[in-house]
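Below are the chains, spelled out letter by letter.
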Amino acid sequence: MRQFLLLFFVVAVSAVYDNNNSVCKSLLDDNTPSDSAGVDCVAKGSKGKCENCMTGDQCGEGRFCCPFLKKCVFSGEGCYYPIANCRPSCYDSNDPTKCTCSDANFPNEWVTCTNDASSYVYYGDKQDTGPITYTRKQSPDGSLMDSDQMAQGALCNHNRLRAAAGLSALQWDSCLAKFAMDYANELKNTNDCKMEHSASSRRKPLCSFSYVGENLYWAMNSRGIDEKAQRDAGWISTQAWWDEIRDYVYPKKSNGNADSYANCPKRNKQGQIGHFTQVMWADATHLGCDQALCSNSHVVVCVYGKGGNIIGSPAFSVSQRDTLNTSPEAKKFGGMPTCTAGGAPNNDGVDPDDGGMDSDNSAATQATTTSTTTTTTRAPATGGDGKCMGAWGNECKFPADTPWGHATDCNFFKNLGFSSNYCYLYSVGGTVYVDKCKSDDPDCVF
């Protein structure tokens, strides 16, 4: 009986895994900036200090497009008015026509063309269809069905990105979805939606898999999580995990074969790579996800069968790495450089002349899409060691330049209306990474 149900399930949802499916195309379009109306008139890297911008690739000299100012800056660099004044921040991945920015010229009279300063880039090819609504579709046990929009977003984006390396598509698994639902609710009820991985012993074995992997995503908004954010949570969380490719270097053995997945130094010291490798784990076949809502945040849980990030195993094959290296998705991040026998990265990412970024320059060029943190060293407090440590193990550094302004202490986010004393770590695309200042750490200033 179970075999029959599994076969029926796969047939029933096969269209969801087709990246040419109208649902997937719609989700991709809805999460891509409106750029088909003349954005090509702006040469990549042509905008200098404090010049108006829409995306980081328009900025030169390693600057990024500040999501609040919408000007090309280094972290800590100030600009004169006018500024776009986008609240909430308008990231590269957002549709600028749907951002809330106070300057009347934004977005359609904001960015000038490179060779004609009298002409502006027009962002207006998408029609406003009114407020986004989201109605959860769930099975009798409460878990998400494959036809739910959040589930479809997770599947579509996982499989779109896996296809960039020629990896097989994932299929929705109702048993994994039930575990994801239960654990998301557990985080809501016991941890205010904050991220904390489930014990690995709870995931082996699970749902007919010997081991199940797990990715977590958390986002906050002082206004609460609206229906669009709930609907798009599957897509956006997947993109945030995959964007860790900016830090990943593919490991090879001295004989050219694939090495253990994490046997290379990261491109950026503070980066993570484990979410990316789980999304791209070649042996994974099934996926289940869900989310839970708290007062001004939500947490997304996705679990994978079979689980990845197994020490001694590669995430995917050498030939799949070669395919990924030249894909448009990877080119945005300098391709997929390799290292040999755990050594320094080889200079074998995509050729910058071929539309990508040189892997040797990855740390500098990532500033075009990543807001970095500017800090100064504080003297240790009495009884302290000079480091304010967050509840989740990250160091909280102050002062820090955030998408919302300059943070000088642990009260910054609390004063903006958030529920806890968070500290800013860094941003990737539209995802802001934070930790929670520990009240019992004498080096944490409140």
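Right above here is the structure, for reference.
This one's a predicted model, so the numbers in the text were calculated from it and none came from an experiment. (Residues numbered from 1 in each chain as written. Predicted model: local features only at pLDDT ≥ 70, side-chain atom pairs only at ≥ 80, totals over all residues. Heavy atoms only, no water.)

J.: Quick question: what am I supposed to make of the state of the cysteines here?
T.: In protein structure, a disulfide is the covalent linkage between the sulfur atoms of two cysteines. Here the structure, examined in full by the defined rule, presents 13 disulfides. Residue Cys-41 pairs covalently with Cys-113 via a disulfide, S to S 2.1 Å. The chirality of the disulfide connecting Cys-41 with Cys-113 is left-handed, given an S-S dihedral of about -70°. With Cys-41 in the loop between helix 2 (22-30) and strand 1 (64-65) and Cys-113 in strand 3 (residues 112-113), this pair connects stretches of sequence that are 72 residues apart. Overall, the relative accessible area of 25% leaves Cys-41 in the partly exposed class. Among the residues examined, Cys-113 registers a relative accessible area of 11% and is labelled buried. Paired through a disulfide, Cys-410 and Cys-437 show a sulfur-sulfur distance of 2.2 Å. (Disulfide = S-S within 2.5 Å. Helix = DSSP H or I, 4+ residues; strand = E, 2+ residues; numbered from the N terminus. Buried < 20%, exposed > 50% of the residue type's maximum accessible area, 1.4 Å probe, protein only.)

J.: Explanation requested: the packing of helix 3 (residues 149-163) against helix 6 (residues 233-242) in the structure shown.
T.: Two elements in contact, helix 3 and helix 6, have axes whose closest approach is 6 Å; the angle formed by their N-to-C orientations is 30°. As the angle between them shows, helix 3 and helix 6 are arranged roughly parallel. Along this stretch, helix 3 crosses helix 6, giving a crossing that reads as right-handed. Contacts between helix 3 and helix 6 involve Met-150, Gly-153, Ala-154, Cys-156, Asn-157, His-158, Arg-160 and Leu-161 from the first element and Ala-233, Gly-234, Trp-235, Thr-238, Gln-239, Trp-241 and Trp-242 from the second. Tallied by class, residues from the contact of helix 3 with helix 6 come to eight nonpolar, six polar and one charged. (Axes fitted to C-alpha atoms, helices over the stretch in contact; angles between N-to-C directions. Parallel < 35°, antiparallel > 145°, perpendicular 65-115°, else oblique. Left-handed = near helix turned anticlockwise from the far one by under 90°. Contact = heavy atoms within 4.5 Å. Nonpolar A, V, L, I, M, F, W, Y, C, P; charged D, E, K, R; others polar.)

J.: Would you mind going over the packing of aromatic side chains with me for this structure?
T.: Aromatic ring pairs are reported here in terms of the distance separating the ring centres and the angle at which the planes meet. Per the stated rule, a full pass over the model turns up eight aromatic pairs. On the basis of an interplanar angle of 55° and a centroid distance of 5.3 Å, the ring pair of Trp-218 and Tyr-422 is categorised as tilted. Placement of Trp-218 in strand 6 (residues 213-220) and of Tyr-422 in strand 15 (residues 422-428) is noted, with a sequence separation of 204 residues between them. Across the pair, Tyr-422 and Trp-218 agree in class, each one buried. (Phe/Tyr/Trp six-rings, centres within 6.5 Å; stacked < 30°, edge-to-face > 60°.)

J.: Hey, could you run me through the nonpolar core in this one?
T.: Counting 41 residues, the largest nonpolar core has Trp-242, Tyr-248, Phe-276, Met-280, Phe-316 and Leu-324 as the members making the most contacts within it. Put simply, the parts of the chain that give this core at least two residues each are helix 3, strand 6, helix 6, helix 7 (274-279), strand 8 (286-293) and strand 9 (297-305). The element that contributes the greatest number of residues to this core is helix 3, accounting for five residues. Excluding its chain neighbours within four sequence positions, the residues that come into contact with Leu-324 are Ala-164, Ala-165, Trp-242, Ile-245, Phe-276, Met-280, Phe-316, Ala-330 and Met-336. The next biggest cluster of nonpolar side chains, apart from the first, holds 35 residues, and it includes Ala-180, Ala-184, Val-301 and Tyr-424. (Core = buried A, V, L, I, M, F, W, Y, C linked by side-chain atoms within 4.5 Å.)

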